[in-house]
Structures are given as C-alpha cells and as structure tokens.
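# Secondary and tertiary structure notes
Letter by letter, the chains look like this.
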Amino acid sequence: DAGVIQSPRHEVTEMGQEVTLRCKPISGHDYLFWYRQTMMRGLELLIYFNNNVPIDDSGMPEDRFSAKMPNASFSTLKIQPSEPRDSAVYFCASSLYRDNYGYTFGSGTRLTVV
Amino acid sequence: SQKIEQNSEALNIQEGKTATLTCNYTNYSPAYLQWYRQDPGRGPVFLLLIRENEKEKRKERLKVTFDTTLKQSLFHITASQPADSATYLCALDISGYALNFGKGTSLLVTP
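Below is a short write-up of the structure. The shown structure was predicted, so the numbers you read here are calculated from the model rather than taken from an experiment. In this convention, every chain numbers its residues from 1, walking through the sequence in written order. Labels follow written order: the first chain is A, the first ligand is 1, and so on. pLDDT decides what is reported in this predicted model: residues at 70 or higher carry local features, side-chain atom pairs at 80 or more are listed and counted, and totals for whole chains, interfaces and linings draw on all residues regardless. By convention in this description, side-chain values take in all heavy atoms of the structure and omit both hydrogens and water.

## Structural notes on the overall build of chain B
Numbering of helices and strands runs from the N terminus; a helix is a DSSP stretch of H or I covering at least four residues, while a strand is a stretch of E covering at least two. Helix and strand counts for chain B stand at 0 helices and 11 strands. Counting only C-alpha atoms, chain B reaches 40 × 30 × 20 Å along its principal axes. Only protein chains enter the accessibility calculation, which uses a 1.4 Å probe; a residue whose area is less than 20% of its type maximum is buried, one above 50% is exposed, and one in between is partly exposed. Across the 111 residues in chain B, those meeting the buried criterion constitute 44%. Should any heavy atoms of two residues lie within 4.5 Å, those residues are considered in contact. Counting contacts in chain B only where the partners sit at least 6 residues apart, residues at least 24 apart contribute 53% of the total. Calculation of accessible area relied on Shrake-Rupley with a 1.4 Å probe; when residues are assessed, cover is drawn exclusively from the protein chains displayed. For chain B, the accessible surface area stands at approximately 5600 Å², while carbon and sulfur atoms represent 46% of it. All tallies of charge rest on Lys and Arg as positive and Asp and Glu as negative; His and the ends of each chain are not included. Lysine's charge is taken at NZ, arginine's at CZ, aspartate's at CG and glutamate's at CD. Averaging the locations of the 13 positively and 11 negatively charged side chains of chain B gives two centres separated by 1 Å.

Written as structure tokens, this is what we have:
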C-alpha cells in the first residue's frame, strides 16, 4: 500500500480564496482524521470519520471549514474563505480500529494564506 | 481543562546513551497512550501503544512506561543513535477513538 496520500503538498493562496485539501486513506481503514499542526498549538484534531460518517467535528475552528468523506477512499477538507491565520500544515491520518496499531499519517499539506 | 505536557526544551544526548522523554497529563482517564516520531517535513509515525493496565512495553531499543496514578508516561531509547534524532509526540485517547497529541519533545543525538 502507498500509505495515506495527501494533495497538494504545498498550497499558497490569497486571503479570501477557497482551498480544498484532499486525502486518500489506506484501503480497508475504517477511521479517517484531519489534524492541523502549528508551532504554537501543536497538532489539533479538526474532525474524524468512522465508515465515512463524521463522528466529531468539534475541533473545526469555524464555519469556514468543512469536511466530507463521500466514500471510503477519499476525503476533502475545504476552507472558504481562507484567512492568513489558517496557515498551517494539515495532516490526514487513517486507522483500523480492530488492529489498534495507531494512526498512519500522510505527508501533510503545507498551506500558506497571504 | 485537559492538558498533555511534554518538555518543550530539546533533549541533547551523546550517542550510545539512553534518552528518556516525559509525558504528563491532567484531566484525562485514558484507556491507552501512544508515542509517535516526527521528522521535519513529514507526518508523525506510530511507534508504540501502551494500555492503562500495562506498566511497561518494549519494542527493540524502545521502552515505554505508563503510570496512571502519577498520570505520566516515560519513553526510553536505549543505545541511542544519531538516526534517532527527531521530535517525539505522546498522544492520549479522548472520547470515541480520537487522539489528542502533546506538542512533542525534540531529541538530538550527537556522535
């Protein structure tokens, strides 16, 4: 398996623009997580899904953020409109609950909003 | 509020020595605790999971202890090598199956 695949690796956008981050989890994993990492706040959980259903989105900072998982092999995190304070590294991770081997993270998307 | 505290100061040690990293937590009753390694520009990589009823777990040169009374986990790397240099994150389960992460401790192993 190629692991968790995120795209793009880097995104630079202007304030006010819409940004869409993409994630392909490991095949067969039943949990998918979106995290955001900054120096100040570390890794913050934004939202997670179980079998494509959102379970907890309490970490989504504002209504500007939305996430979907239309099928088991794809998820998106959208920010509309983007703001400079959204600049961070966004990670997607997936896991198989039964195995409890921890999460497998993607390489992340570094988002810069100017 | 819930807190996970890891030493924010970098830990510098000499090759061959044992590195010990600390993770303290408050206002959690975790069923398990996990440790991850993160290299610059990469996502965290899972290392070990220890459950609340386990006192110690080992994997090759790694050893993790978990004291639910002290609310503390210790992460040891024995016979450390320069390749062990990275940031190490501890994580606790919260409601459901999600993890909260500490900010990590940077380890530098010098030859």
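Now that the structure is up, let's keep going.
## Section: the sheet that holds strand S7 (residues 65–71) of chain A
Residues and elements named next belong to chain A. Spatially, the 4 strands line up as an open sheet ordered S1-S3-S8-S7, and their pairing is antiparallel. The open sheet terminates on both sides in strands that have one partner only, identified here as strand S1 (5–7) and S7. Averaged over all adjacent pairs, the angle separating strand axes in this sheet is 15°, with direction ignored. Relative to strand S3 (residues 19–24), S1 is paired through 3 bridges, and the arrangement is antiparallel. Each residue of the ladder has a partner; that of isoleucine 5, found in S3, is lysine 24. A pair of strands is treated as paired once DSSP finds two or more bridges between them. Lines fitted to the C-alpha atoms define the axes, with helices restricted to the stretch that makes contact. Angles between their N-to-C directions range from 0 to 180 degrees.

## A closer look at the interface of chain A and chain B
On the chain B side, the residues contacting the 22 residues of chain A number 20 residues. Joining two parts hides part of their accessible area as seen by a 1.4 Å probe, and the buried area is that hidden amount summed over both. At the boundary of chain A with chain B, total buried surface from both sides reaches about 1600 Å², with 54% on carbon and sulfur atoms. The salt bridge definition used is simple: a Lys or Arg side-chain nitrogen within 4 Å of an Asp or Glu carboxyl oxygen. Counting across the chain A and chain B interface gives 0 salt bridges. Two N or O atoms count as a polar contact when they lie within 3.5 Å, although within protein this holds only if one can serve as hydrogen donor and the other as acceptor, and sequence-adjacent residues are included solely when both atoms are side-chain atoms. Taken together, the links from chain A to chain B amount to 5 residue pairs in polar contact (both at pLDDT 80 or more). Counting only elements with at least two residues in the side of chain A that touches chain B, the list comes to strand S4 (31–38), strand S5 (42–50) and strand S9 (88–95) of chain A. Taken together, the residues of the side of chain A that touches chain B break down into 13 nonpolar, 7 polar and 2 charged. The nonpolar class holds Ala, Val, Leu, Ile, Met, Phe, Trp, Tyr, Cys and Pro. Asp, Glu, Lys and Arg form the charged class, and all remaining residues, Gly among them, are polar.

By themselves, these are just geometric observations and shouldn't be taken as functional.
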